[in-house]
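Okay, here's what each chain looks like letter by letter:
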Amino acid sequence: MPVSATSSRRVTVIGWLLAVGVAFQCPAAWAAVYQDPAAFVRDAFGGHAPAPRMLWITKALRPAVRAVLGHDLGALRVRYWGRGHTTAWILEEVGKERPITVGVVIRGTRITRLEVLIFRESRGWEVRHPFFTRQFHGAGLAADGGLDRNVDGISGATLSVHAVTRIARLALLLHQHTEFADGAPPHPPE
Amino acid sequence: MARRHTPRSSRSIRARRSLYHWHRYAGLAAALLAVVLALTGLALNHADTLRLSHRHVGAGPLLAWYGIAAPRPVGYLAGTRWVSGLDKRIYLDRQPVPQAIGPLVGAVRSGSLLVVAAGGELLLLTLDGEPVERLTRAQGLPTGLEAIGTDAAGGLLIRTPAGTYQADLERLEWHGAPALEPPRWARPGTVPEGLQAALRRDYRAHILTWERVLLDLHSGRFLGSWGIWLMDAAALLLVFLAASGAWLWLRQRRKRQAHRRPQVRSR
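These numbers come from a predicted model, not from an experiment.

What counts and what doesn't
- Residues numbered from 1 in each chain as written.
- Chains lettered and ligands numbered in written order.
- Predicted model: local features only at pLDDT ≥ 70, side-chain atom pairs only at ≥ 80, totals over all residues.
- Heavy atoms only, no water.
- Buried < 20%, exposed > 50% of the residue type's maximum accessible area, 1.4 Å probe, protein only.
- Helix = DSSP H or I, 4+ residues; strand = E, 2+ residues; numbered from the N terminus.
- Arc of directions from axis to C-beta.
- Contact = heavy atoms within 4.5 Å.
- Axes fitted to C-alpha atoms, helices over the stretch in contact; angles between N-to-C directions.
- Parallel < 35°, antiparallel > 145°, perpendicular 65-115°, else oblique.
- Left-handed = near helix turned anticlockwise from the far one by under 90°.
- Nonpolar A, V, L, I, M, F, W, Y, C, P; charged D, E, K, R; others polar.
- Pairing = 2+ DSSP bridges.
- Phe/Tyr/Trp six-rings, centres within 6.5 Å; stacked < 30°, edge-to-face > 60°.
- Lys NZ or Arg CZ within 6 Å of the ring centre and 35° of its normal.

A. Representation of helix α3 (residues 62-69) of chain A in the model. Residue and element names in this part refer to chain A. Looking only at α3, the buried set comprises V65, V68 and L69. The buried residues of α3 occupy an angular sector of 85° when the element is viewed end-on, so they sit on one face. In this fold, the buried residues of α3 make contact with β4 (86-94) and α5 (158-176). Immediately beyond the C-terminal end of α3, within one or two residues, lies G70, with a positive phi of roughly 85°.

B. Just the packing of α3(A) against α5(A), in detail. All names here are of chain A. The N-to-C vectors of α3 and α5 enclose an angle of 160°; their axes lie 9 Å apart at closest approach. Classified by the angle between their axes, α3 and α5 sit roughly antiparallel to one another. The way α3 lies across α5 gives a crossing that is right-handed. Taken together, the residues of α5 that come into contact with α3 (itself represented by A64, V65, A67, V68 and L69) are R166, R169, L170, L173 and L174. Of the residues belonging to the contact of α3 with α5, the class tally is eight nonpolar, no polar and two charged.

C. Examining the sheet that holds strand β6 (residues 110-119) of chain A more closely. Residues and elements named next belong to chain A. The six strands lie next to each other as β1-β6-β5-β4-β3-β2, forming an open sheet whose pairing is antiparallel. What marks the edges here is a single partner per strand, and that holds for β1 (32-33) and β2 (53-56). Two elements, strand β5 (residues 99-107) and β6, share seven bridges in a ladder whose sense is antiparallel. For V105, the partnering residue across the bridge sits in β6 and is R113.

D. Looking closely at the packing of aromatic side chains. Under the defined criterion, the tally for this structure stands at five aromatic pairs over all chains. Measuring from centroid to centroid gives 6.1 Å for A:Y80 and A:F180, while their planes differ by 80°, and the two rings are edge-to-face. In this pair, A:Y80 sits in strand β3 (residues 77-83) while A:F180 sits in the segment after α5, placing the two residues 100 residues apart along the sequence. Here the aromatic rings of A:F132 and A:F136 are separated by 5.4 Å at their centres, their planes lie at 75°, and the arrangement is edge-to-face. The burial state of A:F132 is the same as that of A:F136; both residues are buried. Among the aromatic residues, ring-to-ring pairing joins A:Y80, A:W89 and A:F180 into one connected group. The cationic tip of B:R159 hangs over the ring face of B:W185; the distance from NZ or CZ to the ring centre is 5.1 Å.

Right, dumping it as structure tokens:
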């Protein structure tokens, strides 16, 4: 039975639509910088960032870090910036395949600011929007090491949501082990 | 009384038989491809649970099909340890350094640390290879890292398109380096043959993920551009099968109902 020209064209169009649909499923590597990390730290301290400090991930601290992240941190020390009872952290965690860079500011025992600074995945970028990051403002650690509040997820960005949540928990945990945590002796001004 | 076939009903019968034959042939033609589509789709639906993006193909024939060949390692002797790079994978002697990703541009020993420059970042390692810290632009590292080296006093230097900087790793400060003495930039050396072979084997075994293979099978790309058209055709055949199958079933159902009605009236 001969195929009509119209049918042939229809098949071609449908075929191209399918091919394009498949092509758009293929993740491509890219990175979006929403805020420079150095600028985030400066903003956290009113334009004048203090000198960076180092927090050593001791053997005693490693199990707690592993419990939060589900894996080792991959470094023996972490940089942070602190003044008064405030610390700022620039931390990274892998969403699906690429690391997400997040800035976290903690005052007392609570997160006062959380921003997605650099996003490198092709999906899940919705986590950078304030409607998501605002949920972390005022969050603290619960007794079980989780956040003391529920964070609403984003459909299609589950892995990114989990990564940002782990970073928030990690920053709160690490803050407790700095000299700027509540209850620590006051640190002399620089 | 025998049913008389009018020309119109004969055409209808021939059309139904033709549709039945086409339905059968389409099913046969699409069977294997449908199985591939279904099984790969099933696996990809659970890719995260199966961790397909973290499982790598080690089978030689499959790697050869994809044309995956290991590049020649670029190596820097830092102290007594070889820091080598193959594409984006970095190794300390034979041990992968997963925290460092990217083209390797240098490695030096600085005091009690090994400093590895790769992918625009600095990775600090203990002499045993344990990662100490990763320095990125987040820690103020100047962008465009091209090379690392040391000055006459053993201080760490980095070179970017914007210039040469002296690194203060304690304070995370990067000062413009005065050109008093020529820096000793790290230079690639000749990686020993045995180490090269081992690194190439490891590289090949960590490039291709099963997720990639399943995606390519599912889309047909596994067979190149013709494979995509083949899978398109299989998808369209499945649509045809569903439509023709539903039509044939509906016709059969109406026929059975029509046969039953005269029997009910005759009782």
